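# Observations on the model geometry
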Amino acid sequence: MPLVDTHVHLNFDTFAGDLDELAQAWRQAGVLALVHSCVEPGEFAAMQAIADRIPELYLSVGLHPLDMDKWTDAAAARIAELAAADDRVVAIGETGLDFFKADDEAVQREAFWQQLTIAHRLNLPVIVHCRDAAQATAEVIDEFQRQVGPVDGVMHCWAGTPAETQQFLDLGFYISFSGIVTFKNAHQVKASAQMVPAHRLLVETDCPFLTPEPRRKERRNQPAFVYHVAAYLAELRQVDFEALAQTTTRNAVTLFKLPELSPWLAADPNLPPITAGC
């Protein structure tokens, strides 16, 4: 039962004391790989140190839209430099737009565009954070694809409406669901999760945040709990859990070009075929 947690933050202090035990737990849960998202380039060295200990950990590098006080030309250059220098980097981000209580929308758009440019130049996907900014985010991506060239990626920790979801599917993006989809009142998230085609579906924890049911009472989320996200999605979509796990893992391998898992992708004859439906 293979799984990939496509969005973690293991460099946070809450994981400092027992990371080896947590790694054992996620391996027992079937997690074959993890993608460590980056909030700002200054934390990248700590991320690399963790990846030195954990061979199944892949990295991204970028600047979160809530950290625009750190956005400079030097920051853009540093993101590009770090991404090109470490072959464990499989994405740019997390980047995107967050207009919740924002007063820096123009700067966010500029930083997002520049990070899309880096991703395009390096042939890497983007990990997109989007909060209260779905229309603007789709417009920036669409304009970039038309003016500059192709770029793909994932809408991470997605909580948008079905109509917003369709906009990003039309742009060629993957949609990743976190523990939010398991929450009782997350009705629009559940509706979106039911409509995403199987070949565009990903799972994540966004740990240490957003612990899924039935572990929600635990303050700290962890990668092993991606199992609960995947199990809930399988039930919601009325598909076999093993098939959903295999499909989302294949999608992660395909999007992030995970080199260590590519042989698994090519060799496993039991993988369900790619289809455009759910």
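Refer to the preceding data block for the structure.
Notes on the structure follow. Please read these numbers as outputs of a predicted model, since none were measured by experiment. For every chain, the first residue of the written sequence is number 1, and numbering continues from 1 along that sequence. Note on the predicted model: pLDDT of at least 70 is required for a residue's local features to be given, and 80 or more for side-chain atom pairs to be given and counted; whole-chain, interface and lining totals, by contrast, use all residues. Excluded from the side-chain calculation are hydrogens and water; included are all heavy atoms of the structure.

Once the charged atoms of two side chains with opposite charge are near each other, the side chains can pair. Here, a salt bridge means any side-chain nitrogen of Lys or Arg that lies within 4 Å of a carboxyl oxygen of Asp or Glu. Enumeration over the complete set of coordinates arrives at ten salt bridges. A salt bridge links Asp52 to Arg88; its shortest N-O distance comes to 2.7 Å. Separated by 36 residues along the polypeptide, Asp52 in helix α2 (residues 44–53) and Arg88 in the loop between α3 (73–85) and β4 (89–98) bring together distant segments of the chain. One salt bridge connects Asp67 with Lys70, and the closest N-O pair in it is separated by 3.3 Å. On the basis of relative accessible area, Asp67 is assigned to the buried category, the value being 15%. Exposure classes here rest on a 1.4 Å probe applied to the protein chains alone. A residue is buried below 20% of its type maximum, exposed above 50%, and partly exposed in between. Taking the relative accessible area as the measure of exposure, Lys70 reaches 35% and is therefore partly exposed. A run of H or I in DSSP counts as a helix once it spans at least four residues, and a run of E counts as a strand once it spans at least two, with each numbered from the N terminus.

Moving on, we get to α3. Any helix carries an expected span of 1.5 Å times its number of residues minus one. Helix length check: α3 (13 residues) gives 18 Å between terminal C-alpha atoms against 18 Å at 1.5 Å per residue, within 8%. Of all the residues in α3, the buried ones are Ala75, Ala76, Ile79, Ala80, Leu82 and Ala83. Taken around the axis of α3, the buried residues stretch over an arc of 165°, which confines them to a single face. Exposed residues pointing more than 90 degrees away from the buried face of α3 are listed as Asp73, Ala74, Ala84 and Ala85. Directions are taken from the helix axis to each C-beta atom, and the arc is the one they span.

For the rest of this paragraph, the subject is the packing of helix α4 (residues 105–122) against helix α5 (residues 134–147). Running from N to C, α4 and α5 point in directions that differ by 40°, and their axes come no closer than 11 Å. If you check the angle between α4 and α5, you find them oblique. The crossing of α4 and α5 is right-handed. Contacts between α4 and α5 pair Arg109, Phe112, Trp113, Leu116, Thr117 and His120 from the former with Ala136, Thr137, Val140, Ile141, Glu143, Phe144 and Gln147 from the latter. Under this grouping Gly is polar, as are all residues other than the nonpolar Ala, Val, Leu, Ile, Met, Phe, Trp, Tyr, Cys and Pro and the charged Asp, Glu, Lys and Arg. Of the residues in the contact of α4 with α5, the class split is seven nonpolar, four polar and two charged. Simply put, an axis is a line fit to the C-alpha atoms, just over the touching stretch for a helix, and the angle between two N-to-C directions goes from 0 to 180 degrees. Throughout, the term roughly parallel applies to angles under 35 degrees, roughly antiparallel to angles over 145, roughly perpendicular to angles from 65 to 115, and oblique to all others. A crossing counts as left-handed when the near helix is turned anticlockwise from the far one by less than a right angle, and as right-handed when that turn is clockwise. It only takes one pair of heavy atoms within 4.5 Å for two residues to be counted as in contact.

Stacked, tilted and edge-to-face are the three classes applied to pairs of Phe, Tyr and Trp rings, where Trp contributes its six-membered ring and a pair requires centres within 6.5 Å; stacked means planes under 30 degrees apart, edge-to-face means over 60, and tilted covers the rest. Taken as a whole, this structure holds four aromatic pairs when the rule is applied. Summarising the aromatic geometry, the rings of Trp113 and Phe144 are spaced 5.1 Å apart at their centres and angled 70° between planes, so their arrangement reads as edge-to-face. Of this pair, Trp113 sits in helix α4 while Phe144 is found in helix α5, placing the two residues 31 residues apart along the sequence. Comment: the charge-over-ring label is applied if NZ (Lys) or CZ (Arg) is within 6 Å of the ring centre and within 35 degrees of the ring normal. Lying over the aromatic face of Phe183, Arg216 brings its terminal NZ or CZ to 3.6 Å of the ring centre.

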